[in-house]
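# Report on the structure
For reference, the chains in residue letters:
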Amino acid sequence: MKKLILATGAVLAMFSTNAQNNLSNGLGNATEITKESQRVLIKTTNGNAQVRFYSPTTLRIQITKQPSFDEFSYAVTAKPVEGIFKVAETPEQITLTTDSCKLVITKKPVRFSLQTLSGVVLNEDEAAFGTNWIGEEVTTYKKMQDDEKFIGLGEKTGNLNRRGEGYTNWNTDFFAYPSGGDPIYATIPFFIGLHHKQVYGLFMDNTFKSHFNFGASNNRFSSFTAEAGEMNYYLMANTTVAGILKSYSDLTGRLEMPSLWSIGFQQCRYSYYPDKEVITLAKTFRDKKIPADVIYFDIHYMDKYKIFTWDNSRFPQPKKMLDELEGMGFKNVVIVDPGIKVENQYKAYEEGKAQDLFIKYPDGTNYTGQVWPGWCHFPDFTKPKAREWWGNSFNGYINDGIDGFWNDMNEPATWGQRFPDLVEADYEGRKATHREWHNVYGFQMARSTFEGAKKLMNGKRPFILTRAAYSGIQRYSAIWTGDNRPEDDHMMAGVRLVNSLGLSGVANAGYDVGGFAGEASKELFNRWMQIGTFCPFFRSHKMIDAKDSEPWSYGEKVEEIVRNYISLRYKLMPYLYSTFYESTQNGMPVARSLAINYTFDEKIYDWNYQNQYLFGHAIMVAPVVSYKEINKVYLPKGTWYNLHTEQVYNGNQELYVETPMETLPLFIKGGSIIPMQSVVQSAKELPLDTMYLHVYKGNEPNEFVYYEDAGDGYDYLNNQFVKRTCIYDAAKKTLVLGKAEGNYASKFKHIKLMMHGFDGAAFKVNGVAQSAKKEAVEMIAGVSQFDPIGKSIESKKAAVAAFSIKNTNEQIVINW
C-alpha cells in the first residue's frame with residue numbers, strides 16, 4: 001500500500017472551486033490517496049471517495065462524508081475484482097486503466113471522467129459542481145454532452161429519450177395514473193447514456209428517495225440525487241447497448257428460466273368468484289379454442305381479504321376446483337398483499353406477533369396501517385426470519401394446487417398514503433427508517449415469496465409477479481405496470497414502460513391488456529390484445545364493476561381476431577422460449593427497444609416511431625392506436641418482410657401501412673431464424689412433432705440460439721436441455737444448424753424449413769439436393785380479411801419454398 005499526502009485540508013479548502021458557500025458543499029480537493037490492488041481511496045477536504053472495479057468495463061464510485069463506506073446492497077450480487085486496473089499518477093490527476101476503459105480522476109478539485117482507452121469521454125463530472133451536498137441530500141452533477149440521449153431508468157413514463165425530463169424514484173401506489181405520471185410503482189435507478197457514437201451505463205444504488213434530472217429546467221448538466229445516504233454509483237463502458245445490459249445484469253443478476261406456461265396468455269379480473277364462475281371461464285376458453293394457460297384469483301378469494309385464507313362460502317373446496325382447472329390445462333395464480341389483519345386467533349397475525357416479524361415504531365410497538373382487511377401489521381421483509389416465515393406460509397396454497405403468486409400493494413400501500421417515515425425495519429440487522437427501506441420493501445417481499453415457493457414446490461419453477469420493485473428484481477419476479485387506464489395513450493405508454501424496463505434489466509414485464517381502471521371500447525381491446533401478443537408477460541385484467549373483458553366479450557369479430565393473435569403467440573412458443581433463455585444468459589430483454597440495435601439512428605427516437613420495438617431478434621412490432629386505419633412506420637436499415645403479406649422492403653425508409661382492425665403492423669428482419677410449432681391450447685398440450693423453421697433471406701449474417709427443455713422444473717441445470725446455435729451466412733449462402741448440446745430429447749422429430757424470399761433457389765442439406773415445394777404461409781390464420789359480418793375468411797398470402805428434414809442432433813448444413 002502506497003500513500004501520498006498532498007496537502008492539509010484546511011489550506012486546500014481555501015482554494016477549492018467547490019468551496020462555493022455554506023449553503024452547499026462539494027467534495028473538495030484530494031488530500032490523501034491510497035492505492036491498493038482492489039481499490040483506490042481518496043480523502044478530500046470535505047469527504048471521502050472510493051473507486052473499485054467489478055470487471056474491466058464496470059467500476060463503482062462511492063462518495064461520503066462518513067469515515068467508512070456502506071458496502072451493503074440488496075441489488076448487487078457481484079463482487080469487486082482485484083488486480084484488473086493499472087494506476088498512473090501525475091501531480092494533477094490519477095488514472096485507473098483496464099483493458100477496456102479508463103477512469104481519470106482530477107485532484108484539485110476531485111472530479112471523475114470515464115473515458116475510452118483512446119481518451120474519448122463517455123461520462124464526466126460537471127467541472128464546477130461534481131458531487132455536492134445540501135444538508136444530507138447528495139447530488140452528482142454530470143456534464144451534458146452535445147446531443148446526449150438518455151434511455152432506460154426502469155418503470156418511467158415519457159419518451160424513449162429522457163433528455164429534458166426529470167424523474168423521482170419513490171415507489172407509489174398510483175391508481176389510474178395518467179400516461180405521463182411519475183413516480184409510479186418501481187424504482188430502477190439505472191440508465192444508459194448515448195452520444196458521439198459512444199455508450200455508457202450508470203446505476204446509482206441508493207434506496208432513499210432519489211431524483212434524476214436529464215436537463216430538465218436547465219441546459220448545463222444532468223444530475224442524480226439521493227435525499228440521504230452516500231453517493232454510490234456504478235459506471236459501465238461498452239461499445240453497444242447490449243454490452244451495457246450485460247454489464248448491468250452481471251452486477252444485479254438475471255432471471256431464472258421461466259416455466260413455459262408462464263409465458264402463455266393469462267386471464268384476470270377483480271375478481272372471478274365463486275368457484276363455478278371460474279370453472280365456467282376455463283371451459284369457455286377451451287370450448288372456443290382460445291389458447292390460455294393461467295387464471296388469476298384477486299382479493300375476493302380470501303376470507304375478508306386475509307392473506308393465506310380462502311373464503312369458504314365462495315370457494316368451499318379450493319383443492320377440488322384447482323385440480324379440475326389443472327385437468328383442463330390451467331395454472332392458477334393468487335394475489336397476495338403484505339398487510340396482516342390485526343385479529344386475535346388469526347394464525348398469520350398470531351405467528352407474526354409471537355415471532356416479532358413486523359415493522360415497528362421506534363418505541364418498539366408494531367406499526368399499524370389500514371388496507372383491504374382493515375387495520376394491519378406489515379411483515380419486515382428486510383429481516384431474514386420474517387422472509388423465511390412468509391415463504392413457509394405458502395405451504396397451504398401450494399398444497400391446494402396454486403402455481404404462482406401475484407404480489408400487490410407492496411410499495412407498501414396504505415389508505416391515506418402517508419406512511420410515517422420514523423417506522424423502522426431490521427434491514428439485515430442494520431436498522432433503517434422508512435425513508436431508506438421503502439423502495440426495497442416490494443423487492444424483498446417478492447424475494448421472500450420466490451424463495452419460499454421455490455422451496456415448497458417440489459422442484460417446479462414458481463411464477464412470481466410484483467407491482468413494486470427495485471433494481472435486482474429480475475432475479476425473483478416479473479413486473480406488471482400497475483393500475484393503468486383503458487385509453488390509447490395508456491396503451492402506447494405501456495409499450496414504452498415495458499421497453500424501458502427491458503433497457504433496465506427486467507426482461508419479464510407487462511401491462512394490464514385492455515386497461516384496468518375503466519372500460520375499453522371493442523376497438524381498443526382488440527388492438528391492445530394484438531400488441532399484448534408481443535409482450536413478454538401477457539395478461540388481460542379488468543377492475544371490479546367494469547363490464548366483462550374476456551376475448552369473447554366484445555363481439556364475434558373481435559373474438560376471432562383475438563383468437564388468431566393468441567394462437568400466433570402459441571405458435572411462436574419455441575422462438576419466445578429461446579428468447580427468454582437468451583435473457584437468462586446475457587440480460588437481453590424480450591421486448592427490445594430499437595435503441596438496442598439501432599442506437600444512433602435518429603429516426604427511432606422520433607415521436608412517431610419511438611413505440612416500435614423488436615420482439616426477440618426478429619419481429620418488429622409497430623404499435624398503432626385503435627382508431628387509425630393507416631399508420632406511418634419506420635423501417636431501420638436492412639431488409640424487412642411484412643409478416644402479413646410477405647412484401648419485401650429495404651430499410652432506412654418511412655412508409656404508410658394499412659392498419660384495419662384485424663391487422664397490427666409486423667415486420668420480420670431479413671436474415672432472421674424463427675422456430676415455430678403447431679397451435680396448442682396450453683403449455684400442457686404437446687404440439688405436433690414438426691418444428692417449422694422460418695428463415696428470411698437477408699444480406700446480413702445472423703445467429704440464433706434455439707433452446708428447449710421440459711418447460712418446468714430444474715432438470716435443465718443438470719444438462720437436461722437441447723440447445724443448438726443456428727447461423728445464417730448470407731455471403732456463403734448457408735444456414736448451419738449446429739450440433740445439439742445437452743441430453744434432453746426434443747419434442748420435435750422433424751424440421752420443416754420455410755424459406756422466405758428464396759425464390760428460384762435450389763437447396764441442399766448436408767450436400768444432398770432437396771425437393772422444395774411452394775407452400776402458403778399462415779403466420780396469423782385468417783386475419784387479413786373479413787367478410788361483411790366479421791367472419792374470418794382465408795388469407796391470400798404468398799407461398800414460400802418449403803421442405804422437411806429429420807431433426808437429428810448432428811450438425812445440419814443447408815446451402816442454396
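What you see is a predicted model; the values in this text were computed from it and never measured. Counting of residues starts from 1 at the beginning of each chain's written sequence and follows it residue by residue. Since the coordinates come from a predicted model, pLDDT governs what is reported: local features require at least 70, and pairs of side-chain atoms require 80 or more to be given and counted, while whole-chain, interface and lining totals use all residues. No hydrogens and no water enter the side-chain calculation; it runs on all heavy atoms of the structure.

## Brief notes about unusual backbone geometry
For the bond running from Tyr-270 to Ser-271, omega is 0°, close enough to zero to count as cis. That bond from Glu-411 to Pro-412 is cis: its omega, 5°, falls within 30 degrees of zero. Only runs of H or I of at least four residues qualify as helices and only runs of E of at least two qualify as strands under DSSP, and these elements are numbered from the N terminus. Looking at the element boundaries, Pro-412 is found in the loop between strand E28 (404-407) and strand E29 (424-425). The phi dihedral of Gln-345 is positive, around 75°, even though this residue is not glycine. As for its position among the elements, Gln-345 is in the loop between strand E25 (340-341) and helix H5 (347-354).

## With respect to the packing of aromatic side chains
A pair of Phe, Tyr and Trp rings is counted when the ring centres sit within 6.5 Å of each other, with Trp represented by its six-membered ring. The angle between the planes then sorts it: under 30 degrees is stacked, over 60 is edge-to-face, the rest tilted. Counted by the stated rule, this structure contains 74 aromatic pairs. On the numbers, 5.7 Å between centres and 55° between planes, the contact of Phe-450 with Tyr-476 is tilted. Of this pair, Phe-450 sits in helix H8 (residues 434-456) while Tyr-476 sits in the loop between strand E32 (469-470) and strand E33 (478-480), placing them 26 residues apart in sequence. Taking the relative accessible area as the measure of exposure, Phe-450 reaches 8% and is therefore buried. Measuring from centroid to centroid gives 6.0 Å for Tyr-649 and Phe-667, while their planes differ by 70°, and the two rings are edge-to-face. Of this pair, Tyr-649 sits in strand E42 (residues 648-650) while Phe-667 sits in strand E44 (residues 666-669), placing them 18 residues apart in sequence. Take Tyr-649: its relative accessible area is 14%, and that puts it in the buried class. Lys-149 extends its terminal NZ or CZ atom over the ring of Tyr-605, reaching a point 5.2 Å from the ring centre. The ring of Tyr-296 has Arg-539 sitting right over it, with the charged end atom 4.8 Å from the ring centre. Categorising residues by exposure relies on relative accessible area from a 1.4 Å probe, with only protein chains included: less than 20% of the type maximum marks a residue as buried, more than 50% marks it as exposed, and the intermediate range marks it as partly exposed. Criterion for a charge above a ring: Lys NZ or Arg CZ within 6 Å of the ring centre, and within 35 degrees of the ring normal.

## Section: the packing of helix H9 (residues 488-502) against helix H10 (residues 522-532)
Throughout, an axis means a line fitted to C-alpha atoms (over the contacting stretch in the case of helices), and angles, computed between N-to-C directions, take values from 0 to 180 degrees. One can describe the packing of H9 onto H10 by two numbers: an axis separation of 11 Å at closest approach and a directional angle of 5°. Of the possible angle classes, the one that applies to H9 and H10 is roughly parallel. Contacts from Asp-488, His-490, Met-491 and Val-495 in H9 reach Leu-524, Arg-527, Trp-528 and Ile-531 in H10. Residue polarity follows a fixed list, in which Ala, Val, Leu, Ile, Met, Phe, Trp, Tyr, Cys and Pro are nonpolar, Asp, Glu, Lys and Arg are charged, and the others, Gly among them, are polar. Its residues placed into classes, the contact of H9 with H10 shows 5 nonpolar, 1 polar and 2 charged. Angular relationships are summarised with four words: roughly parallel below 35 degrees, roughly antiparallel beyond 145, roughly perpendicular across 65 to 115, and oblique for the angles in between. The contact definition used throughout considers only heavy atoms, calling two residues in contact when any of these lie within 4.5 Å.

## Remarks on the sheet that holds strand E51 (residues 764-765)
Paired strands, in this sense, are two strands between which DSSP finds at least two bridges. Spatially, the 6 strands line up as an open sheet ordered E47-E48-E49-E55-E51-E52, and their pairing is antiparallel. Only two strands of the sheet have a single partner each, and these edge strands are strand E47 (702-708) and strand E52 (768-769). Against the sheet, helix H12 (residues 573-586) contacts E47 and strand E48 (722-729), and its axis sits at roughly 100° relative to E47.

## Considering the sheet that holds strand E26 (residues 369-371)
Sheet architecture is open: 3 strands sit in the order E25-E27-E26, paired in antiparallel fashion. Each edge of the sheet is formed by a strand with only one pairing partner; in this case those strands are E25 and E26. In terms of strand pairing, E25 meets strand E27 (residues 374-377) through 2 bridges, oriented antiparallel. The partner of Ile-340 across the bridge, within E27, is His-377.

## Topic: the pattern of salt bridges
Any two side chains of opposite charge can pair, so long as their charged atoms come close to each other. Whenever a carboxyl oxygen of Asp or Glu lies within 4 Å of a side-chain nitrogen of Lys or Arg, that contact is scored as a salt bridge. A complete count under the given rule lists 46 salt bridges for this structure. We note a salt bridge from Glu-89 to Lys-35, for which the minimum N-O separation is 2.6 Å. Separated by 54 residues along the polypeptide, Glu-89 in strand E7 (residues 86-89) and Lys-35 in strand E3 (residues 30-35) bring together distant segments of the chain. Residue Arg-52 pairs with Glu-71 through a salt bridge whose shortest N-O separation is 2.3 Å. With Arg-52 in strand E5 (residues 48-55) and Glu-71 in the loop between strand E6 (58-64) and E7, the pair connects residues that are 19 residues apart, well separated along the chain. Residue Arg-52 is classed as buried on the basis of its relative accessible area, which comes to 8%. What emerges from the salt-bridge pattern is a single network uniting Asp-173, Asp-408, Glu-411, Arg-467 and Asp-483.

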